[in-house]
Amino acid sequence: MSTHKRIKPEFLSYGAEVRRLRKAASLNQQQLADLVNVTRSYVTQVESGRTRCRRDFALRLDRALKSGATLVEAWDELLESIKSDKYPEFFANFPKAEQSASLLRAFEERIVYGLFQKEAYARALLDDEDALKNRMRRQDILHQKPGPAVSVVMDETVLYREVGGREVMREQLEHLIELSHRDRVCLQIAPICYIRNVWTPFAIATLPDQRQIVYTDNAYGGETTTSPRHVALVSETFVMLQGEALNVRDTRELIRKVIDERWT
């Protein structure tokens, strides 16, 4: 494959998983190559997302790395299920970018940001078991090392809007506090006020090559775009939101206050 050809995000994600499991097994690329009877350069190409390996190769990797069916499942999910209806059509391209992003930024005005949702909270929102599993699976990127930097601004009303009952809300808000202490997570709450150009929830994924893709929500589902003009507008809006929002420390204090006063 030409080095000038654009790397697909799903291949990049798959390669990152291969690399993670190889390192967890304390193997270098040559050692893994010897175990699966390929060249070291081929392992390099797979890990860098520059080639689409065959499914039988994923099986051999799982055996060599003693990783169960992890890589076969990752192959099926990233390269096949994205084409299915697990994601709504309007959202289909964004999860690909999300999984390989180096930076994720998002604004939510009604509910907790998807990657930050506890399972009980998400279950109250979703009536489809596959959709629930898919949302939980997306959160795996928060545990990758190195994972993406994640910066999220949520409207203050999210803390008060009951989803799933008091216990679910208490657990969810405690989870937000825990997440806010992570090194690569920045969580801020925007006070209830008018902020110019803020009309709808959105997310911005920045890829390692600095390409950006934006997802905006609306009443009809949503829209994904890579238009430079739209990306610039949404990025500017996010900067304004951060400027109006509470800092991370004050955000934690507000969430704790809401837990104590409303959900305990």
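Structural notes, computed from the coordinates.

Here is what the cut-offs are and how they apply
The residue count restarts for each chain, going from 1 along the sequence in the order it is written. Where local features are concerned, this predicted model is filtered to residues with pLDDT of at least 70; where side-chain atom pairs are given and counted, the filter is 80 or more; whole-chain, interface and lining totals use all residues. Side-chain metrics in this entry use all non-hydrogen atoms of the structure; hydrogen atoms and water are not considered. Only DSSP runs of H or I covering at least 4 residues are called helices, and only runs of E covering at least 2 are called strands; the numbering of each starts at the N terminus. Expected helix span is taken as 1.5 Å per residue step, with the number of steps being one fewer than the number of residues. Buried means the residue's accessible area, taken with a 1.4 Å probe over protein chains only, is under 20% of the maximum for its type, while exposed means over 50%, and partly exposed covers the values in between. Directions from the helix axis toward the C-beta atoms define the arc. In this description, contact between two residues means that some pair of their heavy atoms is separated by no more than 4.5 Å. By the criterion applied in these results, polar contacts are pairs of N or O atoms within 3.5 Å in which, for protein atoms, one can donate a hydrogen and the other can accept it, and in which residues neighboring in sequence qualify only through two side-chain atoms. Between 30 and 60 degrees the pair is tilted, below 30 it is stacked and above 60 it is edge-to-face, where a pair is any two Phe, Tyr or Trp rings, Trp via its six-membered ring, whose centres lie within 6.5 Å. Whenever a carboxyl oxygen of Asp or Glu lies within 4 Å of a side-chain nitrogen of Lys or Arg, that contact is scored as a salt bridge. Residues enter a nonpolar core if they are buried and are Ala, Val, Leu, Ile, Met, Phe, Trp, Tyr or Cys, with the set joined through side-chain atoms within 4.5 Å. To get an axis, a line is fitted to the C-alpha atoms, and for a helix only the part in contact is used. The angle between two axes follows their N-to-C directions and goes from 0 to 180 degrees. Orientation categories follow fixed angle ranges, with anything under 35 degrees roughly parallel, anything over 145 roughly antiparallel, 65 to 115 roughly perpendicular, and all other angles oblique. Handedness of a crossing follows from how the near helix is turned relative to the far one, being left-handed for an anticlockwise turn of less than a right angle and right-handed for a clockwise one.

Comments concerning helix H11 (residues 248–263)
When the terminal C-alpha atoms of H11 are compared, their 21 Å separation across 16 residues agrees well with the 22 Å that a helix rising 1.5 Å per residue should span. For H11, the complete set of buried residues consists of Thr251, Leu254, Ile255, Val258, Ile259 and Trp263. All buried residues of H11 lie within an arc of 140° about the axis, which places them on one face of the element. Of the residues in H11, the exposed ones pointing more than 90 degrees away from the buried face are Arg249, Glu253 and Glu261. Contact partners of the buried residues in H11: helix H9 (166–180) and strand S3 (185–190). With a side-chain oxygen lying 3.1 Å from the backbone nitrogen of Arg249, the N-terminal cap of H11 falls on Asn247.

Some words on the packing of aromatic side chains
Aromatic ring pairs are described here by two measures, namely the spacing of the ring centres and the angle between the planes. This model, assessed by the stated rule, comprises five aromatic pairs. When the ring of Tyr42 is compared with that of Phe57, the centres are 5.2 Å apart and the planes differ by 80°; the resulting orientation is edge-to-face. Linking Tyr42 in helix H3 (residues 40–47) with Phe57 in helix H4 (residues 55–65), this pair joins segments that are 15 residues apart in sequence. The partly exposed category is assigned to Tyr42, whose relative accessible area is 23%.

Here we look at the pattern of salt bridges
As enumerated under the stated definition, the model contains ten salt bridges in all. Across the pair Glu119 and Arg123 runs a salt bridge, and its minimum N-O distance is 3.0 Å. One end of the pair, Glu119, and the other, Arg123, are both in helix H7 (residues 119–125), four residues apart, so they sit about a helical turn from each other. Judged by its relative accessible area of 39%, Arg123 falls in the partly exposed class. For Arg182, the salt bridge goes to Glu178, with nearest N and O atoms at 3.4 Å.

Comments concerning the side chain of Ser13
Looking at where Ser13 falls in the secondary structure, it is placed in helix H1 (residues 9–24). Here Gln99 takes part through its backbone oxygen, which lies 3.2 Å from a polar atom of the side chain of Ser13.

Section: the nonpolar core
As a rule of thumb, nonpolar side chains are buried together in soluble globular proteins. Grouped together as the largest cluster of nonpolar side chains are 38 residues, with contacts concentrated most on Tyr113, Phe116, Met154, Leu176 and Ile255. Those elements that place two or more of their residues in this core are helix H6 (93–100), strand S1 (103–108), strand S2 (149–155), H9, S3, strand S4 (202–206), strand S5 (212–218) and H11. Considering each element in turn, this core owes the most residues, six residues, to H9. Residues in contact with Met154, not counting those within four places in the same chain, are Glu108, Ile111, Val112, Tyr113, Leu176, Leu187, Gln188, Ile189 and Ala190. One finds Val36, Val46, Val72 and Trp75 within the second-largest nonpolar core, a separate group that totals 19 residues.

Details of the environment of Leu142
Mapping Leu142 onto the fold places it in the loop between helix H8 (129–138) and S2. Since its relative accessible area comes to 18%, Leu142 is described here as buried. In sequence terms Leu142 and Arg184 are 42 residues apart; their C-alpha atoms lie 9.0 Å from each other. Contacts of Leu142, omitting those with residues within four sequence positions, involve Leu115, Phe116, Val150 and Arg182.

Quick look at the packing of H9 against H11
Interaxial distance between H9 and H11 falls to 10 Å at its minimum, and their mutual angle equals 165°. Viewed along their axes, H9 and H11 adopt a mutual orientation that is roughly antiparallel. Seen along the crossing, H9 lies across H11 with a hand that is left-handed. Contact residues: H9 offers Arg166, Met169, Arg170, Leu173, Glu174, Leu176, Ile177 and Ser180, while H11 offers Val248, Arg252, Ile255, Arg256, Val258, Ile259, Arg262 and Trp263.

Keep in mind that these numbers describe shape and distance, not what the molecule does.
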